[in-house]
Amino acid sequence: MIGAVAWTSIDRIGMQAVQFVVGLILARLISPENYGLIGMVMIFLPVSTLLVDGGFGLALVRKQNADEMDFNTVFLFNIFVSVILYLFLFLAAPLIAAFFNEPQLVNISRVLFLIILINSLYLIPIAKMQRNLDFRGSAKVNIFSILCSGIISVILAFSGFQVWALVLQQVLFHFFRLIIFQYYVKWKPKFMFSFRVIRDMGAFSLHLLGTNVLNAVFNQIYIVILGKFYSKYETGLYTQANKLNETTNSTFQTILVGSTYSLLVKIQDDEERFRRVYRGIASKISIVTFPFMFVLVSVAFPLIFVLYSEIWVKAVPYFQLLTLSALFAPLYGLNVNALNARGKSNITFRVEIIKKTLILISVLICFRWGIMAMLTGYIAACYIAYFISMIYLKLNLKHKLSHQIADFVGCIGVGLVLALSNTGISFLIENNYLLIALQLTASAIIYLIFVRLFYNELFSQALHFVFEKQNSKKTTDETVI
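Every chain's residues receive numbers from 1 upward, in the order its sequence appears when written. For this predicted model, a pLDDT threshold of at least 70 governs which residues receive local features, and a threshold of 80 or more governs which side-chain atom pairs are given and counted, while totals over whole chains, interfaces and linings are taken from all residues. Excluded from the side-chain calculation are hydrogens and water; included are all heavy atoms of the structure.

(A) Structural context of the environment of Phe-305. Helix and strand assignments come from DSSP, with helices taken as H or I runs of at least 4 residues and strands as E runs of at least 2, each series counted from the N terminus. Its location among the elements puts Phe-305 in helix α16 (residues 300–308). Among all residues touching Phe-305, those that are not within four sequence positions of it are Glu-310, Val-313, Asn-432 and Tyr-433. What makes two residues a contact is simply this: any of their non-hydrogen atoms within 4.5 Å.

(B) The environment of Asp-134, seen in detail. Its place among the elements puts Asp-134 in the loop between α8 (123–131) and α9 (135–158). On the basis of relative accessible area, Asp-134 is assigned to the partly exposed category, the value being 30%. Exposure is judged per residue with a 1.4 Å probe applied to protein chains only, and the accessible area is read against the type maximum: over 50% gives exposed, under 20% gives buried, and values in between give partly exposed.

(C) The arrangement of the nonpolar core in detail. Membership of the largest hydrophobic core comes to 92 residues, with the highest contact counts inside it found for Leu-26, Leu-105, Tyr-222, Tyr-238, Tyr-308, Phe-319 and Leu-375. By residue number, the principal contributor to this core is helix α10 (residues 163–185), which donates ten residues. Contacts of Tyr-308, omitting those with residues within four sequence positions, involve Phe-20, Gly-23, Leu-24, Ala-27, Arg-28, Gln-240 and Leu-244. Buried residues of nine kinds, namely Ala, Val, Leu, Ile, Met, Phe, Trp, Tyr and Cys, make up a nonpolar core once their side-chain atoms join them within 4.5 Å. Membership of the second largest hydrophobic core comes to 36 residues, among which are Ile-281, Phe-294, Leu-327 and Ala-385.

(D) Molecular detail of helix α17 (residues 316–325). Along α17, seven of the ten residues are buried, which leaves the element largely enclosed by surrounding structure. Those residues of α17 lying buried are Val-316, Tyr-318, Phe-319, Leu-321, Leu-322, Thr-323 and Ser-325.

(E) Broad picture of the pattern of salt bridges. When a carboxyl oxygen of Asp or Glu is within 4 Å of a side-chain nitrogen of Lys or Arg, the pair counts as a salt bridge. Enumeration over the complete set of coordinates arrives at two salt bridges. With its nearest N and O atoms 3.9 Å apart, the salt bridge here joins Lys-232 to Glu-102. One end of the pair, Lys-232, is in helix α13 (residues 232–257); the other, Glu-102, is in the loop between α5 (68–100) and α6 (105–112), and 130 residues separate them in sequence. Classification of Lys-232 as partly exposed rests on a relative accessible area of 25%. Note that Glu-352 is salt-bridged to Lys-356, the shortest N-O span being 2.6 Å. With Glu-352 and Lys-356 both in helix α19 (residues 345–366) and four residues apart, the pair spans about one turn of that helix. Residue Glu-352 is classed as buried on the basis of its relative accessible area, which comes to 1%.

Rendered as C-alpha cells:
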C-alpha cells in the first residue's frame, strides 16, 4: 500500500504541478473568453470517453481470471463505440455551435473530439497496469505526456494561437499517452470478440458506467448554463475556478483515494479486515483534506490574485463555493470504492441518481437567483449524497454511523480554526503577497500543533515515514494493518 500510495502521489502531484505551472503561464497569455470557449464543449468529452470505456476498464481490473478474450473483446468494443461517437459529434458540431451562438466551436469541437478516438486505443494498457498495480509506470506516462503537451501549448500561446493552444494541449496529452502506454505495456491486440464477455461484465459495468456518466454530465452542467445564458467572460471565470478547484482538491482525492479500489478488491471477502482497513484510510484522509480545504477557502482571494493576476479575482467566489462542495468528496469517493470493491455498483449508481436528482432540483429552484445560488444548492446536494453513502456503507459493511462521523468530525474542527485564523489575518494586512505568505505560514504552524497534540499517533507515523524515505532509496510495497 505504501508503494501504491507513493506512486499514485507522484503521479497526481507531478501531473498537477506541471499543469499548474503551464496553467499559470497560459492564464496570463490567453483571455478568459477563450477559456470560456473551451469550457462550452468540455461536457461532451468526459461523457464520450466514459461511454467508450463502458465501465469495462474497472470490470477488467476487478475480474481475477481475465484472459486475452476478455481484453480483446473490450478493446474492439471500445474502438467501435469511439468511432460511432466521433462521427455523431463531428456531424453535430454545427448544432453545438448554434446552441452556444459561437460559430468558432464548429472547428474547435471537431478537433477536440479526436480525443475520443485516441482514448479508446489505450484503455486496455491502462487496465493492465492497474491489474498489475504498476502505479510507477502509469506515473511516468502521465507526467511525461502532460509535460510535452504543456510545453507545446505554451509555445503556441506565445505565438498568438490563443484558444488553439488550449485545444491542442488536450489532444496532444492523449496522443502522447497512447504512444507511451503502448511502449510500457507492449500489448498487441488480436481480432477476438465474444458477446459472452460483454454480457458477463455488463451487470457490473452498466451501473458503473451510469454512475460515471451522471458525474461527468453534472460536473459540467453549470458551464453549460453559463455558456448558454451568460457571457464567454463569465464562463471563462467559472472554468478557471473549476480548474483550480480540481487541481487542488482532486489532487488530494486522487492521491488518498485513487489506489484504494485495487487494495480493497483484494480483501473484499474478509469483512472484518475490510472494515478495519477502510476506517484507517478514512481517518488519514480526513486529517489531511478537511484542514487543507478550509485553508483554501480562507485564502482564496490573495491566492488567485497572486497566481493569476487581478483580471481573474472575480473567479474567487466560484472557487470558494466549489471548494466547499468538495469538502466530503474524498470520503465519498472512498465509500464508492468500498461499495464497488464488494460488487455493489448498483448501490453506488443508486446514490448517484439521488445526488443528481438533488442537483437538478437545486438548479431549477435557484436558477432565477444566478450561479452563486445554484452552486450553494450544489453544495447541499453533495453533502446529502455523502451521508446517504454512509448509510449504505453501514448496511453493507456493518460500519456504524457514529464511527464514520467520529473519523472526521475532529478534523473539521481543525479546519475551522485554521480558516478563522486566516480570516483574522486578512483584516490586518492589505498587501496580497505578504498576506498569502503569512496566512499559509500560520496555517502550517497551527496545523502541526493540532496534529501533534490530538493526532499524535498519525504524526509519529508521518515522521517515521519521512525519516525512512531519507535513509533508504528503496520503497517497499508492504501494507501495515
